[in-house]
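A look at the structure
Single-letter residue listing:
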Amino acid sequence: MNIKKMIGTICAFTTVFITIAGTARPVSAAPKSTESSASETSAWPKGPKVGSKSAVLMDVDSGTVLYDKKGDTKHYPASITKVMTALVALEHSKLTDTVTFSQDAVAQSYGGTSSISRDVGEKMTMEETLYGMMLESANECAWAIAEHVGGTEENFIRMMNEKAKELGCTHTHFHNPNGLPDDEHWTTAMDMARISRAAYQNPTFAKICGTKHYIIPPTNKHKDQTYLNNHHCMLNFYHTSRYLYDYCVGGKTGYTTKANSTLVTYAKKDGMTLVCVVMCAKSPDHWNDTRKLIDWGFKNFKNVKVSELKDLSQSTDKLGSTTYGADSTLITPSEDGSVMMPKDADLNDVDMTVEKSSSSNNSVVGLLVFSYEGKKIGTTQLLSTESKESVYPFHNLSASKNDESQFLQLNVMLIVIIAVIALAVAIGVFFLLRKIIWAFQKQHRDSYSEKKGRIKYKKIRNNQRKQ
């Protein structure tokens, strides 16, 4: 066979193979649905219809989203902004700090906005100022808190946005501490649920937002006491008792003409704590929608502690002992976590994956993520049972098993392609060397034959001369 044709055939075969291989795509998980309603998962309870433009119901303990109607749509938050203001303040100040009201702070009460009528130079404790902000939604209190904690209002806003990012908020931009109308001030129901969940895990915040009445003692500017009433009508009799709700334990109201009604509500029942956020609602939809969603949540879901799932959470088969090169017998899940599941769900249908942990605690080697019907329902930390954290490489894990399968499949494909190319090159080199050797041997034979012919001819001539 002609060597050039053979090498050409091999190269053509290699090119075709690489082209076919290059068009192959790694197997990946099905893309997450962008549909907003969490209740549309096949085995997930169907949620109620609500009039609010956006609504989210979340379990405070696990962070599981039970209901989601357009949770990522941006809206003006109005005074539920103050949930974040309170959270940042509690993390960066003491309740005994003295807060002094500046001219800029007092100006926030002008124009008939929510206020407790503080004066320039008035002094109150941080605790009193927080009660004024959370119960009466006093805008001057929010501004005074921002100036005290951040040094300047601008710096406090930066702290608010940094905290939002830390909590995983993706569609939030705060531009003031009180929620007054501002085109650069927005968030979503989902992000507010994340913020509200984090805030309620602070015991002081939970106490303040769940207080019905509070009295601020006389100050340097007011000789009389200031009586505060919580405006949340599901918690406290405020103008009406129509919306009082036995399971409500706190929350925050909000309203501006641009934002419409916004509402954050916490409720507890049967060991469950839920937070409901509704945004851009027409009154009284914010009250009715909230009660409807919380009742639905309590009726259709149950909170299961990880300690009750001990056998399940320690299953080697579920964890995958060799998936990441770690021995699952050397780790144990923390029993502090919980999962939120539909009441009729089978525990055998709960799946688990391992993710990397962002914890700075060296004893935390990973995160065990529970899911049901493809929906995340809770997490718990994976703890080292030995002192050397380096034995467990979970801090460097890919985010999911799908990522790992893609990585492995791409590697196998790459190896195959390289092997085929190497084989083609080897065959080409073999035939090239063979041709060179043949040419060298032919030249050697021709040279030998020529030399032999000359010798023979010389002998013939010598014989003729002798004769």
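Only a predicted model underlies this, so the values are computations on that prediction, with no experimental measurement involved. Position numbers for residues count from 1 along each chain, tracking the sequence in the order it is written. Side-chain atom pairs in this predicted model are given and counted only at pLDDT of 80 or more, local residue features only at pLDDT of at least 70, and totals for whole chains, interfaces and linings cover all residues. Hydrogen atoms and water are omitted, and side-chain values are computed over all heavy atoms in the structure.

1. Side note on the overall build of the chain
The condition is simple: Elements are defined by DSSP. Helices are runs of H or I of four residues or more, strands are runs of E of two residues or more, and each kind is numbered from the N terminus. Per-residue accessibility, obtained with a 1.4 Å probe over protein chains only, is compared with the maximum for each type, and a residue is labelled buried under 20%, exposed over 50%, and partly exposed between these values. By definition, residues are in contact when any of their heavy atoms lie within 4.5 Å. Only the protein chains shown count as cover for residues, and all accessible areas are computed by the Shrake-Rupley method using a 1.4 Å probe.
Helix and strand counts for the chain come out as 12 helices and 15 strands. By residue count, 45% of the 467 residues in the chain fall in the buried class. Counting contacts in the chain only where the partners sit at least 6 residues apart, residues at least 24 apart contribute 65% of the total. For the chain, the exposed area adds up to about 24700 Å²; of that, 53% sits on carbon and sulfur atoms.

2. Here we look at the environment of Arg197
Within the element layout of this structure, Arg197 appears in helix α7 (residues 189-200). Once the C-alpha coordinates of Arg197 and Cys276 are considered, the two residues, 79 residues apart in sequence, prove to be 9.6 Å apart.

3. Some points on the sheet that holds strand β15 (residues 375-384)
For clarity, the cut-off: Following DSSP output, two strands are said to pair if at least two bridges run between them. Note on geometry: axes are C-alpha line fits, over the in-contact stretch for helices, and angles between N-to-C directions span 0 to 180 degrees.
The antiparallel open sheet is built from four strands, whose spatial order is β11-β15-β14-β13. A single partner strand is all that each edge strand has here, and the edge strands are β11 (331-333) and β13 (350-355). The mean angle between the axes of side-by-side strands here comes to 30 degrees, regardless of whether they run parallel or antiparallel. In this sheet, β15 lies alongside β11 in antiparallel orientation, the contact comprising three bridges. Bridge pairing in β15 links Pro333 to Leu382.

4. As for the pattern of salt bridges
Counted only if it meets this: In what follows, salt bridge is the name for a side-chain nitrogen of Lys or Arg lying within 4 Å of a carboxyl oxygen of Asp or Glu.
Under the defined criterion, the tally for this structure stands at seven salt bridges. The partner of Arg158 in a salt bridge is Glu162, and the shortest N-O contact between them spans 2.6 Å. Taken together, the residues span about one helical turn, with Arg158 and Glu162 both in helix α6 (residues 153-166) at a distance of four residues. For Glu162, a relative accessible area of 44% gives the class partly exposed.

5. Here's the deal with the layout of surface pockets
Operational definition: Any residue with an atom within 4 Å of a point lines the site, the site being either a cavity, points on a 1 Å grid over the protein atoms alone where a 1.4 Å probe fits but cannot get out, or a pocket, an open set with protein on both sides within 12 Å along at least 5 of 7 lines. Grid points are joined across faces, edges and corners, and a volume is the space filled by probe spheres set on the points. Ten residues, namely Ala, Val, Leu, Ile, Met, Phe, Trp, Tyr, Cys and Pro, are considered nonpolar, four, namely Asp, Glu, Lys and Arg, are considered charged, and the remaining ones, Gly among them, are considered polar.
Looking at the second largest pocket, its volume works out to about 420 Å³. Taken together, 18 residues line the second largest pocket, and the ones lying closest to its centre are Ser358, Leu367, Thr379, Thr380 and Gln381. It is β15 that contributes the most residues to the lining of the second largest pocket, four residues altogether. Here the residues of the lining of the second largest pocket sort into one nonpolar, 10 polar and seven charged.

6. As for the pairing of strand β1 (residues 54-59)
Burial within β1 is extensive, with six of its six residues counted as buried. One ladder, built from six bridges, connects β1 with strand β9 (residues 272-281); its direction is antiparallel. Along β9, the bridge assignment pairs Asp59 with Leu274. Both β1 and strand β2 (residues 65-69) contribute to a ladder of four bridges, which runs antiparallel. Its bridge partner being in β2, Val56 is matched across the sheet by Asp68. Between β1 and β2, which pair antiparallel and follow one another directly, the connecting turn spans five residues, one of which, Gly63, has a positive phi of 80 degrees.

7. Structural notes on the side chain of Thr211
Of note, Thr211 is situated in the loop between α8 (203-209) and β5 (213-216). Overall, Thr211 belongs to the buried group, its relative accessible area being 16%. In this structure Thr211 touches Tyr131, Leu135, Asn230 and Leu235, once residues within four positions along its chain are discounted.

8. A look at the sheet that holds β2
In space, the five strands of this open sheet follow the order β2-β1-β9-β8-β7, with antiparallel pairing throughout. On the outer flanks of this sheet lie β2 and β7 (248-256), each paired with one strand and no other. The sheet shows a mean angle of 5 degrees between the axes of neighbouring strands, taken without regard to direction. In the sheet, β7 pairs with strand β8 (residues 260-269) via eight bridges, with the strands oriented antiparallel.

9. Description of the packing of helix α2 (residues 81-91) against α7
The test is simple: Roughly parallel means an angle under 35 degrees; roughly antiparallel means over 145; roughly perpendicular covers 65 to 115; every other angle is labelled oblique. Two helices that cross are described as forming a left-handed crossing if the nearer one is turned anticlockwise from the farther one by less than a right angle, and a right-handed crossing if clockwise.
Contact pair α2 / α7: the axes reach a minimum separation of 9 Å and the direction vectors enclose 40 degrees. As the angle between them shows, α2 and α7 are arranged oblique. Between α2 and α7 lies a crossing whose hand is left-handed. Only Met192, Ile195, Ser196, Ala198 and Ala199 of α7 make contact with α2, whose side of the interface consists of Val83, Met84 and Leu87. Grouping the constituent residues of the contact of α2 with α7 by class yields seven nonpolar, one polar and no charged.

10. A word on the nonpolar core
We apply this condition: Definition used in this section: a nonpolar core is a set of buried Ala, Val, Leu, Ile, Met, Phe, Trp, Tyr and Cys residues joined via side-chain atoms within 4.5 Å.
Formed by 59 residues in total, the largest nonpolar core has its most connected members in Met84, Leu130, Met133, Met134, Phe205 and Tyr266. If one sorts the elements of this core by residue count, α7 sits on top with eight residues. Apart from the residues within four sequence positions on either side, Met134 is in contact with Lys82, Ala86, Phe205, Ile208, Cys209, Gly251 and Lys252. Leu263, Met272, Val350 and Tyr372 belong to the second-largest nonpolar core, a separate cluster that totals 40 residues.

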